[in-house]
Amino acid sequence: MSIHEVFMQALSSTMTEGKIVSWVKSPGDKVEKGETVVVVESDKADMDVETFYEGFLAHIIVEAGETAPVGSAIAFIAETEAEIEQAKSLANSGGAAATPTSSPEPVAATASVATPALASQNGSNHKEGRLVASPRARKLAKELKVDLTTLQGSGPHGRIVAEDVEALSNKGKQPAPVAPPAPVPTSAPVGPPAPRTPAPAPVAAAVPGQTVPLTTFQNAVVRNMVATISVPVFRVGYTITTDGLDKLYKQIKSKGVTMTALLAKAVAVTLQKHPLLNASYSDQGIVYHSDINISVAVAMDDGGLITPVLQNADAVDIYSLSRTWKSLVERARAKQLQPQEYNSGTFTLSNLGMFGVDKFDAILPPGQGSILAIGASRPQVVATPDGLFGVRQQMQVNITSDHRIIYGAHAAAFLQDLAKLIETNPQSLTM
């Protein structure tokens, strides 16, 4: 008998259980190696789960809408139709599959995000003669009549993703390839007041007298917030004049630049002078990160919070950074981010200024040394250096830092340099 289990995998480092969003295949359906059989909701994204086996989906153990612990079996795959009934009997008896793997951590399926697929098991875009590509890439290649065997994957470990297919298809149709293509903006400008105020993300309908269960995303936020309770933190506030930054934003907004990217760039450039603020604590000592990766908190439409990461924000030009940010937000709200796109941050920005909030304190994310809370930019009457009064656009920022490695003077020096950059030399952010 050749019956294999499909396991619930750990799709992120913090995942302890997964929720079945939907089964792509039904019991009795034929399945091929590398084909998506189920979509699982992890604590950060919806992931396609592909099978390593060829055969028939014999029996579903965990139905759509239900959850299962990491490592538990969620379905059986039989190699032949004749073994389907045996698999059902095996499931009803609570037995294990007859062909357990000999590795200490069995893997019966691989997971991938719908657009940028994961391929942690693969060293190239071919493995054991099998083409390794995300489900969306395969579908897109079929629609656009693109031969996947001619592509070199740009995804993790050489996996072919949708952008690779689009890039090949668009060759010769565009004056210059753009990767990834910039999606339609989905986020409102951050920092200074925008022409229209974005509405808060909707949450599950409140029913008086009833308890609404937390979503997988919300549970992940709960675990992270509880994990920070033991960290000794302190907070420092600062007022920054944004007239120069506002003027720059108006000049380059038409080129697709977002205020989020401008603020992230300003923070990243300032962190170059203050590596301690980009560091994190470990039991072995201070971890100085080689890259400056800026996480930005984004509220999910169905509840929860995720922090897409602008990687190497200090080194990437403002126009590319803005395109990347728009893509990250779009895919974050569609639950299609890769783990490294939300868990590789070294410093976080949290902005409520877009909602008109004057100032607030942010909670330090696990594994980072600092988070900067950004309030709204408002016109304020201030005393000018010549002894007169004037009106200036100003915003309040508050930094929360891990006091085990960062002290007040360090945070204050960072905020001084950030303010100096924004107030006196914002044009340098476009260089």
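Owing to the predicted nature of the structure, the values given are computational and were not obtained by experimental measurement. (Residues numbered from 1 in each chain as written. Predicted model: local features only at pLDDT ≥ 70, side-chain atom pairs only at ≥ 80, totals over all residues. Heavy atoms only, no water.)

Draft legend 1. Geometry of a nonpolar patch on the surface. On the surface, a nonpolar cluster with roughly 380 Å² of combined accessible area is contributed by L214, V222, V226 and I229. Counting through the fold element by element, V222 comes out in helix α4 (residues 216-227). (Patch = residues over 30% accessible without salt bridge, like charges linked within 9 Å, V, L, I, M, F, W, Y side chains within 5 Å. Areas by Shrake-Rupley, 256 points an atom, 1.4 Å probe, with all protein chains shown as cover. Salt bridge = Lys/Arg side-chain N within 4 Å of Asp/Glu carboxyl O. Helix = DSSP H or I, 4+ residues; strand = E, 2+ residues; numbered from the N terminus.)

Draft legend 2. Molecular detail of the pattern of salt bridges. Scanning the model with the defined rule gives seven salt bridges in all. For K30, the salt bridge is made with E32, and the minimal N-O distance between the two is 3.6 Å. Assessed through its relative accessible area of 38%, E32 is described here as partly exposed. With its nearest N and O atoms 2.8 Å apart, the salt bridge here joins R331 to E341. You can see R331 sitting in helix α7 (residues 318-333) and its partner E341 sitting in the loop between α7 and β19 (347-351), a full 10 residues away along the chain. On the accessibility criterion, R331 (11% relative accessible area) is buried. Classification of E341 as buried rests on a relative accessible area of 13%. Put simply, K30, E32 and E54 are held in one network by salt bridges that share partners. (Buried < 20%, exposed > 50% of the residue type's maximum accessible area, 1.4 Å probe, protein only.)

Draft legend 3. Spotlight on the pairing of β19. Of all the five residues making up β19, five are buried; the element is thus mostly covered by neighbouring parts of the structure. Neither face of β19 is exposed, since F347, L349 and N351 on one face and T348 and S350 on the opposite face are all buried. In the sheet, β19 pairs with strand β20 (residues 370-383) via four bridges, with the strands oriented parallel. The residue of β20 that forms the bridge with T348 is I371. (Pairing = 2+ DSSP bridges.)

Draft legend 4. Region of the structure containing the packing of helix α6 (residues 259-271) against α7. At a closest axis distance of 9 Å, the pairing of α6 and α7 adopts a crossing angle of 120 degrees. Compared by their axis directions, α6 and α7 come out oblique. As α6 packs across α7, the resulting crossing turns out to be right-handed. Every residue of α7 that contacts α6 at T260, A261, L262 and K265 is listed here: I318, L321, S322 and W325. Class assignment of the residues belonging to the contact of α6 with α7 gives a composition of five nonpolar, two polar and one charged. (Axes fitted to C-alpha atoms, helices over the stretch in contact; angles between N-to-C directions. Parallel < 35°, antiparallel > 145°, perpendicular 65-115°, else oblique. Left-handed = near helix turned anticlockwise from the far one by under 90°. Contact = heavy atoms within 4.5 Å. Nonpolar A, V, L, I, M, F, W, Y, C, P; charged D, E, K, R; others polar.)

Draft legend 5. Layout of the packing of α6 against helix α8 (residues 408-424). The N-to-C vectors of α6 and α8 enclose an angle of 130 degrees; their axes lie 9 Å apart at closest approach. By the angle class used here, α6 and α8 are oblique. Crossing of α6 over α8 shows right-handed handedness. In this structure, α6 uses A266, V267, V269, T270 and L271 to contact α8, whose residues at the interface are F414, D417, L418, L421 and I422. Here the contact of α6 with α8 is built from residues that sort into eight nonpolar, one polar and one charged.

Draft legend 6. Inspection of unusual backbone geometry at higher detail. Residue N312 is not a glycine yet carries a positive backbone phi of 50 degrees. Structurally, N312 is set in the loop between β18 (309-310) and α7. You can call N312 partly exposed: its relative accessible area is 29%. Positive phi outside glycine occurs at K335, with the angle close to 60 degrees. On the accessibility criterion, K335 (10% relative accessible area) is buried.

Draft legend 7. Quick look at the packing of aromatic side chains. For the structure on display, the rule yields one aromatic pair. Relative to F414, the ring of F347 has its centre 5.7 Å away and its plane inclined at 45 degrees; by these criteria the two rings are tilted. Here the residue F347 occupies a position in strand β19, and F414 occupies one in helix α8, the gap between them amounting to 67 residues. The same class applies to F347 and to F414, which are both buried. A cation sits over an aromatic face here: K30 above F56, 5.6 Å from the ring centre. One residue, R404, lies across the ring of Y281, its end atom 3.8 Å from the ring centre. (Phe/Tyr/Trp six-rings, centres within 6.5 Å; stacked < 30°, edge-to-face > 60°. Lys NZ or Arg CZ within 6 Å of the ring centre and 35° of its normal.)

Draft legend 8. Layout of α4. In a regular helix each residue adds 1.5 Å, so 12 residues correspond to 16 Å; α4 covers 17 Å between its end C-alpha atoms and thus fits that length. Buried residues of α4: T216, F217, A220 and V221, and no others. Down the axis of α4, the smallest arc covering the buried residues is 140 degrees, so these residues share one side. Looking at the buried residues of α4, the elements they touch are β2 (17-23), β4 (36-41) and β17 (305-306). (Expected span 1.5 Å × (residues − 1). Arc of directions from axis to C-beta.)

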